Amino acid sequence: MVSLRKRTQAPNPDSPKSGSRKRSKSMRREELESESEDDYSDLSCEKCGSGHRPAELLLCDKCDRGFHLFCLRPILVAVPKGRWFCPSCSNQKNLTNFPLVQTKIVDFFRIQRCSQSAEKPSPDCRKRRKRTTCLVVSKKRRKLLPFNPSEDPNRRLEQMASLATALTATGAEFSNELTYAARMAPRSANRAFLERDGMQVLPKDDAETLKLCKNMMERGEWPPLMVVLDPREGFTVEADKPIRDLTIITEYVGDVDFLKNRENYDGDSMMTLLTATNPSKNLVICPDKRSNIARFINGINNHTPEGKKKRNVKCVRFDVNGECRVLLIASRDIKKGERLYYDYNGYENEYPTEHFV
């Protein structure tokens, strides 16, 4: 079951709430309609020069110039909270790279020193699995694969530093597990049996593979991924070595909360965790304060054939020991240097991706 990555939608011109086109002077759509055309006849986007789609024009609180949400780089899907300044007025400092110092990286990711041999499946275990599967007459199920870390420890440090840079720049701290904070949904609310249409159970051997991936990361054996800053897409993730189909990329993590508490959430990375028969029990993952590399894997433009071809990761929800979990899994072989993308829209197609590059 592919999950839907719930993100704050772009303003809908027909919605009464679409007014929040950002500006402290609040030029909402209703106001545009009530004001005379002469007052705003020269209002246009500084990037494309067009004044069309005024409900999607974002106005700088300092210089009062306009920018379409989809013309900004990286694209803004939702209107930001509070005051907003254009790139020229924001005085943004250059991105500060996280120091490539082992002790600082170890502390940032809370890497543990533990025995490596105890975590890897033994050859005998692999042989037993092969003999067992040979006796099965039915179609062989394709098992999930653990990621294959880069062999060079210095390269792994560079990979971790790239993620630390992105997390620091976005004001988030690293977490590799779902978190249950005060005044949010308790862990007891995360029950897979509540899923409206049922949730597939993660098979035992795949659950062991997921645990192996988690344990490897705790030892500093990192997935071969680099977070890079693209002028058009913002932070994005690319493979630092070839990745095989069905490899576990990462788990989608963050703070777990009830969807009803996040109706006015302004973040752009909210992921569905549980869709219950009772809507009041719906759960989402919010990675704005605590997250991992999943937050920076971008979505495809699923309105174009070219966009759909870029998809190389799938998002799947599983029942793991009775709890809902979200995994990002390679949907085909991924080449070194290839960027990772998945479809933010599972079944409902409610996330606006038509302006994605």
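Look up a bit, the structure's there.
The shown structure was predicted, so the numbers you read here are calculated from the model rather than taken from an experiment.

(A) Main features of the packing of aromatic side chains. Going through the model one piece at a time under the given rule, you end up with 7 aromatic pairs. Considering the side-chain rings of F67 and W84, the 6.0 Å spacing of their centres and the 70° angle between planes classify their relative orientation as edge-to-face. Residue F67 is located in strand β2 (residues 66-68), and its partner W84 is located in the loop between β2 and α2 (102-109); the two are separated by 17 residues in the primary sequence. Across the pair, exposure class does not vary: F67 and W84 are buried alike. When the ring of F108 is compared with that of F109, the centres are 4.9 Å apart and the planes differ by 75°; the resulting orientation is edge-to-face. One exposure class covers both F108 and F109, and it is buried. An aromatic cluster is built from F98, F108, F109, F174 and W222, whose rings are joined through pairwise contacts. Taking NZ or CZ as reference, K260 lies 5.2 Å from the ring centre of F258, over its face.

(B) Spatial organisation of the sheet that holds strand β12 (residues 313-320). The 3 strands are arranged β6-β13-β12 in an open sheet whose pairing can be described as antiparallel. The open sheet has two edge strands with one neighbour each: β6 (248-251) and β12. Taken over all neighbouring pairs, the strand axes of this sheet differ in orientation by 30° on average, direction set aside. Pairing between β6 and strand β13 (residues 323-330): 3 bridges, direction antiparallel. In the strand pairing of β13, I248 is matched with I329. Packing against the sheet, helix α5 (residues 204-218) makes contact with β6 and β13, and its axis sits at approximately 75° to β6.

(C) Examining the packing of α2 against helix α4 (residues 153-169) more closely. Here α2 crosses α4 at 60°, and the two axes come no closer than 10 Å. Taken together, α2 and α4 sit at an angle that is classed as oblique. Crossing hand, α2 versus α4: left-handed. Where α2 abuts α4, its residues Q102, I105, F108 and F109 lie against L157, M160, A161, L163, A164, L167 and T168. Taken together, the residues of the contact of α2 with α4 sort by class into 9 nonpolar, 2 polar and no charged.

(D) Examining the nonpolar core more closely. In terms of nonpolar packing, the biggest core is built from 66 residues, with F109, L163, L328, L340 and Y342 touching the most fellow members. L58, L69, V79 and C86 belong to the second largest nonpolar core, which has 9 residues in total.

(E) Layout of the side chain of S291. As for its placement among the helices and strands, S291 is situated in strand β10 (residues 290-291). What S291 contacts, discounting residues up to four positions off in sequence, is L167, A172, E173, F174, S175 and V253.

Cut-off values and rules
- Residues numbered from 1 in each chain as written.
- Predicted model: local features only at pLDDT ≥ 70, side-chain atom pairs only at ≥ 80, totals over all residues.
- Heavy atoms only, no water.
- Phe/Tyr/Trp six-rings, centres within 6.5 Å; stacked < 30°, edge-to-face > 60°.
- Helix = DSSP H or I, 4+ residues; strand = E, 2+ residues; numbered from the N terminus.
- Buried < 20%, exposed > 50% of the residue type's maximum accessible area, 1.4 Å probe, protein only.
- Lys NZ or Arg CZ within 6 Å of the ring centre and 35° of its normal.
- Pairing = 2+ DSSP bridges.
- Axes fitted to C-alpha atoms, helices over the stretch in contact; angles between N-to-C directions.
- Contact = heavy atoms within 4.5 Å.
- Parallel < 35°, antiparallel > 145°, perpendicular 65-115°, else oblique.
- Left-handed = near helix turned anticlockwise from the far one by under 90°.
- Nonpolar A, V, L, I, M, F, W, Y, C, P; charged D, E, K, R; others polar.
- Core = buried A, V, L, I, M, F, W, Y, C linked by side-chain atoms within 4.5 Å.

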